[in-house]
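Letter by letter, the chains look like this.
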Amino acid sequence: MTRHATLNRKWRRWIKLLEDELGTLLDSRHIFRGLKAMVLDNEAIQKPRAFHDWVTRNYCIATWIGIRRLMDEDRRSISVIRLLNDIEKNADYLTKESYVRRYPLHSRKAGEQSFDRNAGNRVDRLPVTVPQTDRDDLKKRLHRLERFITKRIAHYDIGSDRRAIPSMATVDSALDRLDKILMKYMLLIKGSAPQTAGAESWTFNWTDIFHVPWISDPNKNYAEVRDVAKPTAKKNLPWFIT
């Protein structure tokens, strides 16, 4: 197998893993936003807020840790940063010729324009400066957020309690930037990419479960439940129940 084929295979595998990881974070955001809208629209379910605080806390921690994973620079990790590092070292393998060759003959001009938009005009291969700039920009934009996650979430450093909790807007911006970067290099490597790593459309409506009463036994105090017996039938049950 040639060096080019080896790199292409590796990058495609990494991108698939990163797309799944980022897609999970984006889908979680989609559900969290919908749940937030439901609560804001219905005063009757706004209090007590213990459940809403629990959902928010778990969403934030899972998202923060997921972002940190995507930014990890450890050589044993697969991350967006390490993908950009590897592309920077081997940028000359991403040529316009190989990119345009994926397009049908009648669309080669569109392929050239697509490559130029992402790699730069009048270049026959990806300049090293492109992944380098994208990586440095990503690290700069996410530096404060990543530092908070490391100091306060992944660890609990002395004095970390004084660090301001990132706003939802800051976290959303980080997710959107990671999404934009990953889709850009998916396009350069594979020749095609969706608009986003998140689900653009689902075949089901995740809010359907809210159209039926959650408490099936009005005589049971679920607030006092300390353990849950395993169900006898496991068909179609969520993983956390089985």
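Definitions and limits used
Residues numbered from 1 in each chain as written. Predicted model: local features only at pLDDT ≥ 70, side-chain atom pairs only at ≥ 80, totals over all residues. Heavy atoms only, no water. pLDDT = per-residue confidence, 0-100. Helix = DSSP H or I, 4+ residues; strand = E, 2+ residues; numbered from the N terminus. Buried < 20%, exposed > 50% of the residue type's maximum accessible area, 1.4 Å probe, protein only. Lys, Arg positive; Asp, Glu negative; His and termini not counted. Salt bridge = Lys/Arg side-chain N within 4 Å of Asp/Glu carboxyl O. Contact = heavy atoms within 4.5 Å. Polar contact = N/O pair within 3.5 Å; in protein donor to acceptor, adjacent residues only side chain to side chain. Core = buried A, V, L, I, M, F, W, Y, C linked by side-chain atoms within 4.5 Å. Axes fitted to C-alpha atoms, helices over the stretch in contact; angles between N-to-C directions. Parallel < 35°, antiparallel > 145°, perpendicular 65-115°, else oblique. Left-handed = near helix turned anticlockwise from the far one by under 90°. Nonpolar A, V, L, I, M, F, W, Y, C, P; charged D, E, K, R; others polar. Patch = residues over 30% accessible without salt bridge, like charges linked within 9 Å, V, L, I, M, F, W, Y side chains within 5 Å. Areas by Shrake-Rupley, 256 points an atom, 1.4 Å probe, with all protein chains shown as cover. Phe/Tyr/Trp six-rings, centres within 6.5 Å; stacked < 30°, edge-to-face > 60°.

Caption draft 1: Focus on the confidence of the model for the protein chain. For the protein chain, per-residue confidence averages 90 on the pLDDT scale, and 95% of positions sit at 70 or higher. Ranking the elements of the protein chain by mean pLDDT puts helix α6 (residues 129-154) last, at 92, and helix α3 (residues 80-89) first, at 97.

Caption draft 2: Spotlight on the side chain of Arg82. Positionally, Arg82 belongs in helix α3. Buried within the structure, Arg82 lacks any salt-bridge partner; its nearest side chain of opposite charge belongs to Asp86, at an N-O separation of 6.3 Å. With sequence-adjacent residues up to four places away left out, Arg82 is seen in contact with Trp14, Asp72, Glu73, Asp74, Arg75 and Ser77.

Caption draft 3: Seen up close, the pattern of salt bridges. For the coordinates displayed, the defined rule picks out 18 salt bridges. Arg135 is the partner of Asp136 in a salt bridge, and the nearest nitrogen-oxygen pair spans 3.0 Å. Under the relative-accessibility criterion, Asp136 is labelled partly exposed at 40%. One connected set of salt bridges, linked through shared partners, spans Arg29, Arg33, Asp172 and Asp176.

Caption draft 4: Molecular detail of the environment of Ser79. Structurally, Ser79 can be placed in the loop between α2 (50-71) and α3. Accessibility expressed as a relative area gives 0% for Ser79, which makes it buried. Considering only alpha carbons, one finds Ser79 and Ala223, 144 residues apart in sequence, at a separation of 40 Å. Look past the residues within four positions of Ser79 in its chain and what remains in contact with it is Trp14, Leu18, Arg69, Leu70, Met71 and Asp72. For Ser79, the side chain forms a polar contact with the main-chain oxygen of Asp72, separated by 2.4 Å.

Caption draft 5: Structural view of the nonpolar core. One finds Ile67, Leu126 and Leu178 to be the most contacted residues of the largest nonpolar core, which totals 50 residues. If you list the elements that add at least two residues to this core, you get α1 (3-41), α2, α3, α4 (96-100), α5 (108-119), α6 and α7 (168-190). Among the elements that take part in this core, α7 stands out by supplying twelve residues, more than any other. Here Ile67 is in contact with Leu25, Leu142, Leu145, Ile149, Val171, Ala174, Leu175 and Leu178, once residues within four sequence places are set aside.

Caption draft 6: Quick look at the packing of α1 against α3. Remark: α1 packs on α3, axes separated minimally by 11 Å, with the N-to-C direction vectors making an angle of 160°. Classified by the interaxial angle, the pair formed by α1 and α3 is roughly antiparallel. Between α1 and α3 lies a crossing of left-handed hand. Within the contact between the two elements, α1 uses Leu7, Lys10, Trp11, Trp14, Ile15 and Leu18 and α3 uses Val80, Arg82, Leu83, Asp86 and Ile87. For the contact of α1 with α3, the per-class residue count stands at eight nonpolar, no polar and three charged.

Caption draft 7: Structural view of a nonpolar patch on the surface. The grouping of Phe51, Trp54, Ile209, Phe210, Trp214, Ile215, Tyr222, Val225 and Val228 at the surface amounts to a nonpolar patch, some 910 Å² of accessible area in total. Counting through the fold element by element, Tyr222 comes out in the segment after α7.

Caption draft 8: Main features of the side chain of Asp116. Of note, Asp116 is situated in helix α5. Not counting the four nearest positions on each side in its chain, Asp116 is found in contact with Lys96, Asn121 and Arg122.

Caption draft 9: Quick peek at unusual backbone geometry. Of the consecutive residues Lys47 and Pro48, the connecting peptide bond is found in the cis state with omega at -5°. Along the polypeptide, Pro48 turns up in the loop between α1 and α2.

Caption draft 10: Spatial organisation of the packing of aromatic side chains. By the definition in use, this model includes nine aromatic pairs. A centroid spacing of 4.2 Å and a plane angle of 5° characterise the contact between Phe32 and Tyr59, whose relative ring orientation is stacked. On the criterion of sequence distance, the pair formed by Phe32 in helix α1 and Tyr59 in helix α2 is long-range, its members being 27 residues apart. Phe32 gets classed as buried once you look at its relative accessible area, which sits at 12%.

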